[in-house]
Amino acid sequence: MSKDPTILAIDQGTTSARAILFSRNGQPLDAAQYELPQHFPDDGWVEHDAEDIWSLTLKACRDVIARADAPPVGIGITNQRETVIVWDRKSGEPIHRAIVWQDRRTADVCRGLREADHEEKVAAKTGLVIDPYFSATKLAWLLDHVPGARARAEKGELAAGTVESFLLWRLTGGQVHASDATNASRTSLFDIHRQQWDQELCDIFRVPMSLLPEVTDCAHDFGATDPALFGTAIPIGGMAGDQQAALIGQGAFRPGLVKSTYGTGCFAVLNTGSTPVRSGHKLLSTVGYRLGGEVTYALEGSIFVAGAAIQWLRDGMKFISHAAESEALAKKAMGKGEVTFVPAFTGLGAPHWDAEARGAIFGLTRDTGPADIVAAALEAVAFQTAELLEAMAADAPGLASLRVDGGMVANDLFCQQLADLTGLEVDRPVVTETTALGAAILAGLTAGWFSSLEEAEGFRTRDRVFSPAMDSSEGQRRRRRWDAAIARVLTAPPSA
Ligand SMILES: Nc1ncnc2c1ncn2[C@@H]1O[C@H](COP(=O)(O)OP(=O)(O)O)[C@@H](O)[C@H]1O
Ligand SMILES: O=P(O)(O)OC[C@H](O)CO
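Cut-offs used in this document
- Residues numbered from 1 in each chain as written.
- Chains lettered and ligands numbered in written order.
- Predicted model: local features only at pLDDT ≥ 70, side-chain atom pairs only at ≥ 80, totals over all residues.
- Domains from an automatic or database assignment.
- Contact = placed C-beta atoms within 7 Å.
- Helix = DSSP H or I, 4+ residues; strand = E, 2+ residues; numbered from the N terminus.
- UniProt positions renumbered as here; feature names shortened; annotations may be inferred.
- Buried ≥ 20, exposed ≤ 12 C-beta atoms within 10 Å, placed from the backbone.
- Near = placed C-beta within 6 Å.
- Nonpolar A, V, L, I, M, F, W, Y, C, P; charged D, E, K, R; others polar.

(A) Quick peek at the domain arrangement of the protein chain. Structurally, the protein chain comprises domain 1 (7-241) and domain 2 (251-429 + 461-496). Computed from C-alpha atoms alone, the centre-to-centre distance between domain 1 and domain 2 is 25 Å. Each partner contributes to the interface: domain 1 provides 25 residues, whereas domain 2 provides 22 residues. Taken together, the elements giving at least two residues each to the side of domain 1 that touches domain 2 come down to helix H2 (107-115) and helix H7 (181-184).

See below:
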């Protein structure tokens, strides 16, 4: 183990809590990971126990710190975004389980807000569409459904935030209630142009502004950990939502560079520079990162189910015992390619935004088996990425290649399908823990390891590039099959 200074990145994802120790030149030295239990209390509902989020994160950090020769000089936090927690300011106790980004329970409320013509105002200020995906309606749901919560919130007894803000509160022993601009930009309550919470949005979504954390840059002195946790106080210097952290970890610091992360969902994020681009194709305009008060904006396409489809094939269908087996099994079906799987378990995200759509499998015959369905699941994630990138290219032409990361890109077959169905070169780095790396780079900036992000550009080294190899008529034939399947699951006709 290294005696050189290190930074600990906390990556609290949808399916796990991870802690990864990084060297000064961006190399992962050690890691610990714990799977996070998922709760599905009703149709389309997804919850996490906030105490699990905390205890598993703490356990992962303690494992790594205990094995290190010296405590890390800083901590960077990155996290599943939009997921909301409300807790008591005095006791620190959550008032309910966290409502997860995938949760659709507020679909009706969102429809009502769209019908009340709030869509344009919300999009102009936040860059987002009105959808249950974002935090605001989940937060209002908690205030309305946990007995006494709204009254306690009005009295100032409660605090709210997304996962990074809850972790920061716990790590600092209840001293700091803060978030960063990337996470704030996913709530629907934050004006991405003025970089502040917005009263009109808080009124529309019925969320008291006093519940919300202070919003800062991504590289910032967030305070230090309670010495009781790790035996010493460690400064917390970096914070970003996981997809934005991956943009940094992928070294996508220039406008035009795009990365796509394949974890539970898939999130393609394009750096658009210092001016927000308003999408004409239902992509999100969001904060890429904020440093020294200067915002770098991004366009994002979000797909709710990517690796989660593989998890379902493992845990629900029992077709495989490990996600990695999907590659060998799908190869057995290659070439047949007539089964189409639309994994819209929790509705469809960009560019369709249909919260009520549900999944479907088309083209089943007597000889369809697990291999065909697994192959169709991998292909579906590639098709959905193709839809996102087409929307992105229409908003911001000139995409050259796609930098990929996340659990699914260990699958070579999937990466090749991505190249074939998007027509872009798919560029996979050696270190695919880019999310954690991004958080470490931000904490490294605060620790004075570098003076600008660009100094960390060399941290990314290429593992392999997958080039498009599919015959274009075959690609078009498959795409028509996908488009027809999507048309059949949409609950409302596509709008412009
Ligand atoms: N070899 C593989 N092929 C396909 N999917 C995989 C493979 N390995 C992992 N996955 C999927 O990747 C996801 C885990 O990726 P990860 O980046 O850890 O997710 P998250 O950050 O959302 O918790 C799981 O949903 C899993 O099914
Ligand atoms: O936990 P992940 O990696 O699936 O990412 C979740 C996203 O942040 C949701 O917006």
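(B) View of the UniProt feature "binding site: ADP" (unreviewed entry) in the protein chain. As annotated in UniProt, the feature "binding site: ADP" (unreviewed entry) corresponds to Thr-14, Arg-18, Thr-264, Gly-307, Gly-407 and Asn-411 in the numbering used here. Tracing the chain through its elements places Thr-14 in the loop between strand S1 (7-12) and strand S2 (16-22). Taking the number of C-beta atoms within 10 Å as the measure of exposure, Thr-14 has 22 and is therefore buried. With residues near it in sequence (within four places) discarded, Thr-14 still touches Gln-80, Val-100, Gly-263 and Thr-264. Within the element layout of this structure, Arg-18 appears in strand S2. Apart from the residues within four sequence positions on either side, Arg-18 is in contact with Asp-11, Gly-13, Ala-31, Gln-33, Ala-60 and Ala-436.

(C) Broad picture of the site of ligand 1. The environment of ligand 1 is made up of 20 residues, and the closest members are Gly-13, Gly-263, Thr-264, Gly-307 and Gly-407. Listing elements by their share of the shell around ligand 1, those giving two or more residues are helix H11 (307-315) and helix H12 (325-333). In terms of residue count, H11 provides more of the shell around ligand 1 than any other element does, four residues in total. For the shell around ligand 1, the per-class residue count stands at seven nonpolar, twelve polar and one charged. Both domains that meet at the shell around ligand 1, namely domain 1 (7-241) and domain 2 (251-429 + 461-496), each give it at least three residues.

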